[in-house]
Amino acid sequence: PGTTMVSVTVYPSFRPEWAIRVTRQSGHLALYALTFNSSIWGQVQHVLMSTNRHVVYASEIDTDVSIHTVRVTPRFVARLSAVITLAVDRSSILGENGVDGVMYQFSAGPSTCAQSWSPDSWTGPGRLVAMVDELRVLAGVKSPAIREAMQGTMAHQMQIFSDPGIYALWPGTPVKD
């Protein structure tokens, strides 16, 4: 619902796909975490292999999702959007692609998009992915005190991304002496 300001879609190899979205609707900002109940990719592969067809119909796929949402502040969204935009500006592909891993697709607005495949945790994309995982948790937290504490911690993490030095940890970034 509303206008999507930031989004990350996650495609794990053997688990259900999930996504986070920050939207603006009627002047309110909200963080949504959506998780499919079962893997769409896995279901498609099962139908294709068991029917020997080349087409899968939407009615054959379970598209039920779990949705968690929490309101977020304009400052939180501005920082998150800046982090995603900076990361996307670094590269359209943040690292290598592979098999049996997790694909993360990032977007901050209609024309900024990038992806990362199972990045190492010590790299810039790896740290970004860790933050995205925390956003997913944040959306499901019921306690206002815990949500506030998590947003404060995440605001600090986002501040780290404003340090130009972190981009030395990005794949393809030349190392300076």
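Sequence positions are assigned chain by chain, starting from 1 and proceeding in written order. Residue-level local features of this predicted model are given only where pLDDT is at least 70; pairs of side-chain atoms are given and counted only at 80 or more, and the full residue set underlies all totals for whole chains, interfaces and linings. Here the side-chain values reflect all heavy atoms present in the structure, with hydrogen atoms and water set aside.

A. Just the pattern of salt bridges, in detail. We define a salt bridge as a side-chain nitrogen of Lys or Arg found within 4 Å of a carboxyl oxygen belonging to Asp or Glu. Taken as a whole and judged by the stated rule, the model has 1 salt bridge. Linking arginine 53 and glutamate 60 is a salt bridge whose minimum nitrogen-to-oxygen distance equals 2.6 Å. Residue burial is assigned from relative accessible area. The probe radius is 1.4 Å, only protein chains are included, and a residue is buried under 20% of its type maximum, exposed over 50%, and partly exposed in between. A relative accessible area of 29% places glutamate 60 in the partly exposed class.

B. Geometry of the nonpolar core. Ranked by internal contacts, the top residues of the largest apolar core, which has 35 residues, are Leu31, Ile84 and Phe106. Any two residues having at least one pair of non-hydrogen atoms within 4.5 Å are treated as being in contact. Not counting residues within four places of it along the chain, the set of residues in contact with isoleucine 84 comprises Val6, Val8, Phe106, Ser107, Ala108 and Leu128. Nine residue types can take part in a nonpolar core, namely buried Ala, Val, Leu, Ile, Met, Phe, Trp, Tyr and Cys, and a core is a set of them joined through side-chain atoms within 4.5 Å.

C. Quick peek at unusual backbone geometry. In this structure, serine 26 is a non-glycine residue whose phi angle is positive, near 55 degrees. Among the secondary structure elements, serine 26 is positioned in the loop between β2 (18-25) and β3 (28-36). Of note in the backbone geometry, asparagine 52 takes a positive phi value of approximately 60 degrees without being a glycine. One can find asparagine 52 in the loop between α1 (40-51) and β4 (65-71). Secondary structure is summarised from DSSP: a helix means a run of H or I of at least four residues, a strand means a run of E of at least two, and numbering begins at the N terminus for each.

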